[in-house]
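Take a look at the letters that make up each chain.
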Amino acid sequence: LNMERNDGIHSFSLKTRSSYSEIQNIRVQNACIHGKRDRFSLNQNFCIADYKDKGVEILLHQSLVHPSWVTLIVNPSSLLADEYQPTELFCPTEQTMKQLKTRLRAILDEVGLDTRLKAFRLARYDQTRDRYYDHASEVALWLGIFQKSWLMPRYAAVPFPEDSEANGKWKGANQHAWTIANKSCAFSVYDKAYELKKRHKVKIKAHILRLELRLSRKRIRKLCHETDWDKQLLELHEKQDAQLDKFLHRLH
């Protein structure tokens, strides 16, 4: 079977502590989608999606009884291109990291978030590998091999619930994706062309099997010597091939 490979970062998330009043100010200045809240509205979640196509989704957690948080979900390839890049993966360098921070700062200023970028912490990192095949049947073949994989100790399969909102948007998701997870990381394999068509209404000609190893804050801190999020991205990217290869070796 013919196969080309592309490795890089699909997305990562940054998180910083905030205050109830600061998030209230941001809500006043921006169009926000109201997410889940508790019965008494002591904890509320909001999303600023205006910049999502440009690579940044902003999540606001506002609480009267717990710390409030701001989370940035960043697609670096889209952010640098200033438009949605469905299949590009980001390979960070010192220069591109400077450009990334400049563009991110500009969006935060527009939103009205004054928090310094240095105050954010890397909360999640997606180590991504795209395998390109000549035919869709090859993607399905390899996906089936992963779906039959032996479950490693302390990992559990994470299927889409039949009645979930995500399943409604991506009907048949469990036939086109496979995810396992433990407390510090998750591993997903899925048909990228199918996911783009169903969830984003984007059609591509390429036949791509995407592999994603998503590292949590706990795992990131264990792997990195650096403490600043931009330096951690560079450090993790240098280790990405070895980390993914090691994981796949354990899996198979």
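Definitions and limits used
- Residue indices follow the written sequence of each chain, beginning from 1 at its first position.
- Two thresholds apply to this predicted model, a pLDDT of at least 70 for residue-level local features and 80 or more for giving and counting side-chain atom pairs, whereas whole-chain, interface and lining totals are computed over all residues.
- Side-chain calculation: all heavy atoms of the structure are included, whereas hydrogens and water are not.
- Numbering of helices and strands runs from the N terminus; a helix is a DSSP stretch of H or I covering at least four residues, while a strand is a stretch of E covering at least two.
- Radius of gyration: over C-alpha atoms. The globule rule applied is 2.2 Å multiplied by the number of residues raised to the 0.38 power.
- When checking whether two residues touch, look at their non-hydrogen atoms; a contact exists if any pair is within 4.5 Å.
- In these tables, accessible area is a Shrake-Rupley quantity obtained with a 1.4 Å probe, and a residue counts as shielded only by the protein chains included in the view.
- Counted as positive: Lys and Arg. Counted as negative: Asp and Glu, with His and the chain ends omitted from the count.
- Charge coordinates come from a single atom per side chain, which is NZ of Lys, CZ of Arg, CG of Asp or CD of Glu.
- Relative accessibility thresholds used throughout: buried, under 20% of the residue-type maximum; exposed, over 50%; partly exposed, between the two (1.4 Å probe, protein chains only).
- Any two strands between which DSSP finds at least two bridges are classified as paired.
- Any Lys or Arg side-chain nitrogen located within 4 Å of an Asp or Glu carboxyl oxygen qualifies as a salt bridge.
- An axis is simply a line fitted to the C-alpha atoms; with a helix, the fit covers only the stretch in contact. Between two such axes, the angle follows the N-to-C directions and lies from 0 to 180 degrees.
- These descriptions rest on fixed angle ranges, namely under 35 degrees for roughly parallel, over 145 for roughly antiparallel, 65 to 115 for roughly perpendicular, and the rest for oblique.
- Whether a crossing is left-handed or right-handed is set by the direction in which the near helix is turned from the far one by less than a right angle, anticlockwise for left-handed and clockwise for right-handed.
- Ten residue types, Ala, Val, Leu, Ile, Met, Phe, Trp, Tyr, Cys and Pro, are classed as nonpolar, four, Asp, Glu, Lys and Arg, as charged, and the remainder, Gly among them, as polar.
- Pairing of aromatic side chains here covers Phe, Tyr and the six-membered ring of Trp, requires ring centres within 6.5 Å, and sorts the geometry by plane angle: under 30 degrees stacked, over 60 edge-to-face, intermediate tilted.
- Distance and angle both matter: a charge sits over a ring if NZ of Lys or CZ of Arg is within 6 Å of the ring centre and within 35 degrees of the ring normal.

Draft legend 1. Structural context of the overall build of the protein. The secondary structure content of the protein amounts to nine helices and ten strands. Taking 252 residues into account, the globule formula puts the C-alpha radius of gyration at 18 Å, and the protein, at 19 Å, falls close to it. Considered along the principal axes of its C-alpha atoms, the protein spans approximately 55 × 45 × 35 Å. Long-range pairs, those at least 24 residues apart, make up 66% of the contacts in the protein between residues at least 6 apart in sequence. Split by element, the accessible area of the protein, about 13,800 Å² in all, is 50% carbon and sulfur. Each charge class in the protein was averaged separately, 42 positive and 31 negative side chains, and the resulting centres sit 6 Å apart.

Draft legend 2. Geometry of the pairing of strand 4 (residues 56-63). Burial within strand 4 is extensive, with six of its eight residues counted as buried. Sheet topology note: the strand 3 (residues 43-48)/strand 4 ladder contains six bridges and is antiparallel. Note that in strand 4 the partner of Q44 across the bridge is Q62. Alignment of strand 4 against strand 5 (residues 68-74), held across six bridges, turns out to be antiparallel. Note on strand 5: the bridge partner recorded for I58 is L72.

Draft legend 3. Just the pattern of salt bridges, in detail. Inspection of every chain in the model, using the stated rule, returns 14 salt bridges. Two residues, R129 and D241, come together in a salt bridge whose shortest N-O distance is 3.7 Å. Note that R129 is positioned in strand 6 (residues 121-133) and D241 in helix 9 (residues 229-251), a separation of 112 residues in sequence. Overall, R129 belongs to the buried group, its relative accessible area being 2%. Connected through salt bridges with shared partners, the residues R5, D7, R129, D241 and D245 form a single ionic network.

Draft legend 4. Structural view of the environment of T87. Mapped onto the fold, T87 is located in the loop between helix 2 (76-81) and helix 3 (94-111). On the accessibility criterion, T87 (18% relative accessible area) is buried. Along the chain, T87 and H225 lie 138 residues apart, while their C-alpha atoms are 30 Å from each other. In contact with T87, not counting residues within four places along its chain, are D130, Y132, L196, I204, I208 and R210.

Draft legend 5. Layout of the packing of helix 3 against helix 9. Between helix 3 and helix 9, whose axes approach to 11 Å, the crossing angle comes to 140 degrees. The orientation of helix 3 relative to helix 9 falls into the category oblique. Between helix 3 and helix 9 lies a crossing whose hand is right-handed. Counted together, E94, M97, K101 and L104 of helix 3 and W229, D230, L233 and L234 of helix 9 form the full contact between these two elements. When its residues are assigned to classes, the contact of helix 3 with helix 9 shows five nonpolar, no polar and three charged.

Draft legend 6. Representation of unusual backbone geometry. Backbone geometry at D82 places phi at a positive 65 degrees, although glycine is not the residue there. Residue position: D82 is located in the loop between helix 2 and helix 3.

Draft legend 7. Molecular detail of the packing of aromatic side chains. What the rule picks out here adds up to four aromatic pairs. Between Y155 and F247 the ring centres are 5.9 Å apart and the planes differ by 70 degrees, which places this aromatic pair in the edge-to-face class. In this pair, Y155 is assigned in the loop between helix 4 (136-147) and strand 7 (156-157) and F247 in helix 9, connecting sequence segments 92 residues apart. Each member of the pair, Y155 as well as F247, carries the same accessibility label: buried. In this structure an aromatic cluster arises from ring pairing among F146, Y155, F187 and F247. The ring of W142 carries R131 above its face, with NZ or CZ at 5.6 Å from the centroid.

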